[in-house]
Amino acid sequence: MAAERTPDTGYDVLTAEAYTRYREGLDDTVRLELDLYEKLASNVRTMRVLYLAMLNLDKGLLPADVGADELARAKTDGLVYLSGRRLRATRDGFALLWQWKTEIEPHIRKTPFQGLWRQVLGW
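Presented here is an overview of the structure given in this document. What you see is a predicted model, and the numbers here were worked out from it, not measured in a lab. (Residues numbered from 1 in each chain as written. Predicted model: local features only at pLDDT ≥ 70, side-chain atom pairs only at ≥ 80, totals over all residues. Heavy atoms only, no water.)

**Section: the overall build of the protein chain**
Working step 1: Counting its secondary structure elements, the protein chain contains 5 helices and 2 strands.
Working step 2: Shown N-terminal to C-terminal, the secondary structure of the protein chain runs as helices and strands in the order α-α-α-β-β-α-α.
Working step 3: When each of the 123 residues of the protein chain is scored for burial, the buried share is 28%.
Working step 4: In the protein chain, 56% of the contacts between residues at least 6 apart in sequence involve partners at least 24 apart.
Working step 5: Accessible surface for the protein chain amounts to roughly 8,500 Å². Of this, 55% is attributable to carbon and sulfur atoms. (Helix = DSSP H or I, 4+ residues; strand = E, 2+ residues; numbered from the N terminus. Buried < 20%, exposed > 50% of the residue type's maximum accessible area, 1.4 Å probe, protein only. Contact = heavy atoms within 4.5 Å. Areas by Shrake-Rupley, 256 points an atom, 1.4 Å probe, with all protein chains shown as cover.)

**Digging into helix α4 (residues 91-104)**
Working step 1: Here α4 contains 14 residues, and its C-alpha end-to-end distance of 20 Å stays within 8% of the 20 Å for a straight helix at 1.5 Å per residue.
Working step 2: Buried residues of α4: G93, L97, W100 and I104, and no others. For α4, the angular spread of buried residues about the axis comes to 60°, placing them on one side. Residues of α4 that are exposed and angled more than 90 degrees away from the buried face: R91 and D92. (Expected span 1.5 Å × (residues − 1). Arc of directions from axis to C-beta.)

**Concerning unusual backbone geometry**
Working step 1: For N56, which is not glycine, the phi dihedral falls at a positive 60°.
Working step 2: If you trace the backbone, N56 turns up in the loop between α2 (44-54) and α3 (68-76).
Working step 3: The exposure class assigned to N56 is partly exposed, which follows from its relative accessible area of 30%.

**Points about the pairing of strand β2 (residues 86-89)**
Working step 1: Of the two faces of β2, only one is covered, namely that formed by L87 and A89; the face formed by R86 and R88 stays uncovered.
Working step 2: Alignment of strand β1 (residues 80-83) against β2, held across 4 bridges, turns out to be antiparallel. When the sheet's bridge partners are listed, Y81 is paired in β2 with R88. (Pairing = 2+ DSSP bridges.)

**Considerations on the side chain of H107**
Working step 1: Secondary-structure assignment places H107 in the loop between α4 and α5 (111-121).
Working step 2: The class of H107 is buried, set by a relative accessible area of 17%.
Working step 3: The contacts of H107, once residues within four sequence positions are left out, are E33, L36 and F113.

**Some remarks on the packing of α2 against α4**
Working step 1: In the contact formed by α2 and α4, the axes pass within 10 Å of each other and the chain directions differ by 115°. Between α2 and α4 lies a crossing of left-handed hand. Residues V44, M47, L50, Y51 and M54 of α2 pack against G93, F94, L96, L97 and W100 of α4.
Working step 2: Here the residues of the contact of α2 with α4 sort into 9 nonpolar, 1 polar and no charged. (Axes fitted to C-alpha atoms, helices over the stretch in contact; angles between N-to-C directions. Left-handed = near helix turned anticlockwise from the far one by under 90°. Nonpolar A, V, L, I, M, F, W, Y, C, P; charged D, E, K, R; others polar.)

**Let's talk about a nonpolar patch on the surface**
Working step 1: Taken together, the side chains of M54, F94 and W98 define a hydrophobic patch exposed on the protein surface, amounting to about 310 Å² of accessible area.
Working step 2: Looking at the element boundaries, F94 is found in helix α4.
Working step 3: For F94, a relative accessible area of 39% translates into the label partly exposed. (Patch = residues over 30% accessible without salt bridge, like charges linked within 9 Å, V, L, I, M, F, W, Y side chains within 5 Å. Salt bridge = Lys/Arg side-chain N within 4 Å of Asp/Glu carboxyl O.)

Here it is in structure tokens:
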């Protein structure tokens, strides 16, 4: 007994229905991925400051692209502090950086997410 075929694709009806459900789900997946990208991208500058704080660098060794306003904002938010001349992350700062890393990690092979990763970890 042959399976019923769809007239437009020639696939059997069950395969065509499965593919239709896949396509409908794909749109949601793409939308969710875009939402995640936008969320992660909105915190890139803060994550960069936190990453540099985790490196325990002297304030004078920070890259030129890290502005004083970003450092001031991170200090105000209670994410980093200065210990002598060294920039250090607070527990809240470390937790925020860890959460960001955990959220981006499953997508790190995708080009847009790689760009975010490079912005945070780049020198």
